Amino acid sequence: MTQINLKQVLQKQFGFENFKTGQEEILTALMAQQSTLAVLPTGGGKTLIYQMMGALRPGLVVIVTPLLSLMQDQVARLNYLGEKQVVALNSNLTFQEKQSILNNLARYHFIFVSPETLNQEAVKIALQRTMINLMVIDEAHTMVTWGQDFRPDYLALPQIHIQLNEPQLLLLTATATPNMMQEIVASFNPTAKNWFIYQQPVDRPNIFLHNEQLANEAIKKQRLKTLVQTTQGPGIVYFTSRKLATSMAEWLSDETGLNVVAYHAGMDAISRYRVQQQFMQGDIDVITATSAFGMGIDKEDVRFVIHYHLSNDLANYLQEIGRAGRDGKQSVAILLYVVGDESIQFNLIDQSIPSESTVKAYLDRDEKTQITEEQIKLLTEYRHQGLSTTSIVELFANRKKLRQNKLQHMIDYAQAKTQLRNSISQYFGNDTKHLSQDTESVGVTAWQPEQLNLARQEINGHITKVSEWSQQLKKLFNLQ
Amino acid sequence: MVNEFLITLFSSVQARRKRVIFGLLKRRLTVSTEYWGLRYNLLTYVGLFPHLDQHIFDQQIAQFVEQALLIEIGTDTNQFLLTDKGQAAKQAYQAKHYQIQYMIIATQPLSNVRDFQQAFWLANQVISESAYQNKRYYPLQVDLQTKNLVKRWYRKVYQNDIISEWVTGITEFLKQLPPITANQLAATWVGHQTPGLNLEQLGLPTVWTAIDFYLWELDLFAYWQQFLSQKQDNKQALVTLWQLTQCQTFLSPGIQTTVQQVCQGVSMTTISQQRHLKIGTVREHLLTAAIRLPKQNFPYDLFLTRDVVAYLQNHLDGSIDEWRFTDVRTSDDPLEFFLFRLYEIYLTKKR
């Protein structure tokens, strides 16, 4: 297929005039049967790539995706784009529902599946009988981050790929260092050569980077309030805990008069839907969120992303600040840091990776008191691969070191006094020569939103009011 | 989200098994779990939290014990009583939080209420978008079964005046509610350029948590369900949708048949032989039916004959919860346990 044809399809079937950067190269490689790893920024148009492959070739597009909430968003988005034959196969389905989908796979064009579900025998058998157009692994960086810590089924993906007769691969991620990319590609059948690797530079020139180090938690909290009050929204503030995201939403609403709403994975599906849609529609000024927010959100005009806590590494940080400024306009990513903030992240690492004594207690004495179910699964998977207790312990120890090391880069970034942009690009192995030097600042006094045209214009005192139900029905159903 | 709410499921006078409470909330039912659910007066809550995580549940109970709100009776009995402090905490919780009003009188399994609620949400969105001739929108992600059900329903009811018919159906119900509640409920719905409002935005009590909001919504839908069940013959689109969602029967067809046969004088042994059921299964059918049906709808007399009752009365006294089967047992015949349990159910219902 020539490039001209691709563009015609884009215009005719999808109604877009031009491809976003990288899309055309990736599609061309895919049409030439190359397995592809694409590092595209959030909002870079990943969905269109597999959606278009679905239009260009027959067969089922299988999309492996990590989060249930994300899966629902993705199905909804494809529905929104006019694709009807889309289904999510995951643990939320009843046995009958799952059977019915597996028996009728040929009816679907797109199937979203979690690694855990994909690794089930019945699912693999059904897929073996189906013509697979493309196997997409979304958020592919999770293969080398989550897989080894608490999602063992990620480790099985290369094996599953072989069991499914090696369908063509498209691995998508927004953030991967050169090491990660190498690790991901190497995990698949080494005979599957001929990889096409596409990487867009991670730098987003329209996102101004600003860091502040503050003396203590109380000062940080007040600083957050001031920033939210004075910086042009809509915005997102990230926290590590659901509890804090919720209580801060209330506090910020009370203190600033802005409409601040919390969003996290502990909310039920419809509550999440309401928040997402309110945010999309511009009803919400600021979202206080955990990292669950965003993977599926397509809001173009987010003006600021503030981190109240550190991300667990720069890859995640980049992913999260990438929600800002998708429309290409001036936006800002602000990182607030108090010395010691990193202890939350260090604790998370300790909690998620089992200690030597825990591993030994389980493997040698079958003691389950200290260990979670996921960890048991992971240990079983490693045993299955023929690893001894000693090498499993060593593996976890290395894993811990690696994650601590990645976190250290995040801490270094938070403490940096200069060169924010440079250090990120360097970390991801990008060329730093042409990076702008004056689109970053460090320190409270250095933050001048008016110079970026990011000073908040006004506060409307947004109060949501519940109107008479009869009025609501008129609006809902277009009645006069 | 369940957390503190769980304290309301315990009692200061009746020791309760945490396994039973977990099974009820999750709708993992055995005859024994249901029996204890009846004794605890908690059958209303069957299936309230289908996704409840065992680990989180256990952790919460452990925390109650640590806070001296609950005390375990004996060691490793897994039966818990509220302490004075626990009783005070329960009352304090109840005073601040939503108290269900309608689910208590509901005669339908909660899963039907939830299915209706989900189907309504999506159907309402579909009709709202169609009122604006809009086909490009993010559909609410409900479970697949509900999605297919709404698709089927829409094909069936689709016609020119579906919108006014739908609005009529909704209006009839909203008029039944206190006006403020009706305003709040309608404000939660999703439709064309209407994302719906969440708990904090509805002007509901500020101390309410996600669980109150969940119970409040579910309770109103239980009420709606009651209201619609009185309009069985109506062909209105909303009634049709409701009917489609009533998948779970109160008693399974198998249990219904057993009860009918028994009422017609067929013996348990014959039922067992005719239908290739284990005799134990037949007994379980009957106990389940006795637990779930109002007292007058179950033929207790057929089993609890004068002799049986006289014997049990003579050998048992004190609180039913303390009764032990071994005190009345005379042989290895499992029928004895059946009669013992049935008698307990009968007395519980009589009160």
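- The name given to chain B in an unreviewed UniProt entry is Helix-turn-helix domain-containing protein, and the organism recorded there is Weissella sagaensis.

- In the nomenclature of an unreviewed UniProt entry, chain A corresponds to RecQ family ATP-dependent DNA helicase from the organism Weissella sagaensis.

**Describing the packing of aromatic side chains**
Residues and elements named next belong to chain B.
Now for step 1: This structure, assessed with the given rule, holds 42 aromatic pairs over all chains.
Now for step 2: With a centroid separation of 6.4 Å and 85° between ring planes, the pair formed by Phe 10 and Phe 80 is classed as edge-to-face. Of this pair, Phe 10 sits in the segment before strand E1 (16–17) while Phe 80 sits in strand E3 (residues 79–82), placing them 70 residues apart in sequence.
Now for step 3: Taking the relative accessible area as the measure of exposure, Phe 10 reaches 0% and is therefore buried.
Now for step 4: Ring geometry for Phe 116 versus Phe 221: centroids 5.8 Å apart, planes at 70°, classification edge-to-face.

**What to know about the domain arrangement of chain B**
By a widespread convention, an interface's size corresponds to the accessible area lost as its parts come together.
Residues and elements named next belong to chain B.
Now for step 1: Under the domain assignment used here, chain B contains domain 1 (2–96), domain 2 (110–244) and domain 3 (253–350).
Now for step 2: For domain 1 and domain 2, the distance between their C-alpha centroids amounts to 32 Å.
Now for step 3: Across the domain 1 to domain 2 interface the summed buried area is about 750 Å²; carbon plus sulfur atoms make up 65%.
Now for step 4: Applying the counting rule to domain 1 against domain 2 returns zero salt bridges.
Now for step 5: Counting across the interface, domain 1 meets domain 2 through three residue pairs in polar contact (both at pLDDT 80 or more).

**Looking at the pairing of strand E9 (residues 235–238) of chain A**
Residues and elements named next belong to chain A.
Now for step 1: What you see with E9 is no split at all: Gly 235 and Val 237 on one side and Ile 236 and Tyr 238 on the other are buried throughout.
Now for step 2: Of the pairings in the sheet, the one linking E9 to strand E11 (residues 286–289) comprises four bridges and is parallel in character. By the bridge assignment for E11, Gly 235 is matched with Val 286.
Now for step 3: Strand direction decides the pairing type here: E9 and strand E12 (residues 304–307), joined by four bridges, are parallel. Residue Ile 236 lies in a different strand from E12, and its bridge partner there is Val 305.

**With respect to the domain arrangement of chain A**
Now for step 1: When cut into domains, chain A gives domain 1 (3–199), domain 2 (207–339 + 416–475) and domain 3 (344–407).
Now for step 2: Taking only C-alpha atoms, the centre of domain 1 of chain A and the centre of domain 3 of chain A are 29 Å apart.

**A few points about the environment of Ile184(A)**
All names here are of chain A.
Now for step 1: Within the secondary structure, Ile 184 sits in helix H10 (residues 178–187).
Now for step 2: Judged by relative accessible area, Ile 184 falls into the buried class, the value being 0%.
Now for step 3: Spatially, the C-alpha atom of Ile 184 lies 7.7 Å from that of Ala 140, the residues being 44 residues apart in sequence.
Now for step 4: In this structure, Ile 184 is in contact with Ala 140, His 141, Met 143, Val 144 and Leu 171, ignoring residues within four places of it in sequence.

**Examining the interface of chain A and chain B**
Now for step 1: Listed as interface residues are 37 residues of chain A and, on the opposing side, 45 residues of chain B.
Now for step 2: For the chain A and chain B pair, buried surface summed over both sides reaches about 3800 Å², with 60% attributable to carbon and sulfur atoms.
Now for step 3: Seen at the junction of chain A and chain B, the total is one salt bridge.
Now for step 4: The salt bridge partner of Arg274(A) is Glu217(B), with a shortest N-O separation of 3.3 Å.
Now for step 5: Taken together, the links from chain A to chain B amount to 19 residue pairs in polar contact (both at pLDDT 80 or more).
Now for step 6: Within the residue set of the side of chain A that touches chain B, elements represented by two or more residues are helix H4 (68–80), helix H5 (95–103), helix H13 (269–280) and helix H20 (469–476) of chain A.
Now for step 7: In terms of residue count, the dominant contributor to the side of chain A that touches chain B is H13(A) (eight residues).

Parameters at a glance
- Residues numbered from 1 in each chain as written.
- Chains lettered and ligands numbered in written order.
- Predicted model: local features only at pLDDT ≥ 70, side-chain atom pairs only at ≥ 80, totals over all residues.
- Heavy atoms only, no water.
- Phe/Tyr/Trp six-rings, centres within 6.5 Å; stacked < 30°, edge-to-face > 60°.
- Helix = DSSP H or I, 4+ residues; strand = E, 2+ residues; numbered from the N terminus.
- Buried < 20%, exposed > 50% of the residue type's maximum accessible area, 1.4 Å probe, protein only.
- Domains from an automatic or database assignment.
- Buried area = accessible area lost by both parts, 1.4 Å probe.
- Salt bridge = Lys/Arg side-chain N within 4 Å of Asp/Glu carboxyl O.
- Polar contact = N/O pair within 3.5 Å; in protein donor to acceptor, adjacent residues only side chain to side chain.
- Pairing = 2+ DSSP bridges.
- Contact = heavy atoms within 4.5 Å.

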